[in-house]
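Structure at a glance
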Amino acid sequence: MRRSPNIIVTGTPGVGKTTHCESLVERTGLRHISVNQVVKDKTCHEGWSEEYQSWIVDEDKLLDAIEEDVAAGGCIIDWHACDLFPRSWIDLVVVLRVDSTTLYDRLKARNYAEAKLQENLDSEIMEVLLQEARESYDEEIVIELTSNSLEEMDSNLDRVEAWVKQWKADNASSSA
């Protein structure tokens, strides 16, 4: 039994996943697993996609690369997808959302190509990642949080931090 929960923070690029994860690490002491970094550092890819300007992830290699860390618990997994992670690994799925104008501005500031920018806007508008999370995990562990402002982010961090404390309290006796 894990002593600390595993959390996925997911959402369309530009919603604030990494910012949330880094702040949660500071507040909770959990470990940040940036999937993008793991893919690069441990060569969990099949090459570079010029079209999408990103690595083509080898999901089996990725899961093998992080399995030991996740089995130990206390991980905050930061990635734009969540459906590949086994249900037994995950205790909470946080789906961050932003409004279209905010997302457009954030992706434009990152110099996203127009096609990639539009694809991500469409994904956000159509709630693709939220639906993926709801289809992949039990409803009670999936939460949708908005991340349009610093105030919303602070509120999100407070909520997830309180959840982590409660999870630890609820699971203390079974992990002893």
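Numbering of residues starts from 1 in each chain and follows the order in which that chain's sequence is written. Predicted model: local features are reported for residues with pLDDT of at least 70 only, side-chain atom pairs are reported and counted for 80 or more only, and whole-chain, interface and lining totals are derived from all residues. Side-chain measures here rest on the full set of heavy atoms in the structure, leaving out hydrogens and waters.

The name given to the protein in an unreviewed UniProt entry is Adenylate kinase isoenzyme 6 homolog, with the source organism recorded as Drechmeria coniospora. UniProt positions are given in the numbering used here, feature names are shortened, and annotations may be inferred rather than shown by experiment. Quoted verbatim from the Subunit (unreviewed entry) field of the UniProt record, the comment on the protein reads "Interacts with small ribosomal subunit protein uS11. Not a structural component of 43S pre-ribosomes, but transiently interacts with them by binding to uS11." As its UniProt record puts it under Sequence similarities (unreviewed entry), the protein is described as follows: "Belongs to the adenylate kinase family. AK6 subfamily."

A few words now on the pairing of strand E6 (residues 92–97). Each residue gets one of three labels from its accessible area relative to the maximum for its type: buried under 20%, exposed over 50%, partly exposed in between, using a 1.4 Å probe on protein chains only. Runs of H or I in DSSP of at least four residues are treated as helices and runs of E of at least two as strands, each being numbered from the N terminus. For E6, a buried count of six out of six residues is recorded, marking the element as mostly surrounded by other parts of the structure. The alternating pattern of E6 places Leu92, Val94 and Leu96 on one face and Val93, Val95 and Arg97 on the opposite face, and all of these are buried. For strand E1 (residues 7–10) and E6, the ladder comprises four bridges, and the chain directions are parallel. Among the inter-strand pairings, Val9 is bridged to a residue of E6, identified as Val94. For two strands to pair, DSSP has to find at least two bridges joining them. Here E6 runs beside strand E7 (residues 142–146); their pairing, made up of five bridges, is parallel.

With that settled, the discussion passes to the packing of helix H4 (residues 100–109) against helix H5 (residues 114–125). Only the stretch in contact is used when a helix axis is fitted, and all axes are lines through C-alpha atoms; the angle between N-to-C directions ranges over 0 to 180 degrees. The geometry of H4 relative to H5 is characterised by a closest axis approach of 10 Å and an angle of 150 degrees between their N-to-C directions. Comparing the axis directions of H4 and H5 gives the class roughly antiparallel. Here H4 and H5 pass one another in a crossing that is right-handed. For the pair formed by H4 and H5, the contact residues are Ser100, Leu103, Tyr104, Leu107 and Lys108 on the first element and Glu114, Leu117, Asn120, Leu121, Glu124 and Ile125 on the second. Here the word oblique covers every angle except those under 35 degrees (roughly parallel), over 145 (roughly antiparallel) and from 65 to 115 (roughly perpendicular). Two helices cross in a left-handed way if the nearer one is turned anticlockwise from the farther one by less than a right angle. They cross in a right-handed way if the turn is clockwise. The contact rule is simple, with two residues in contact once any of their heavy atoms fall within 4.5 Å.

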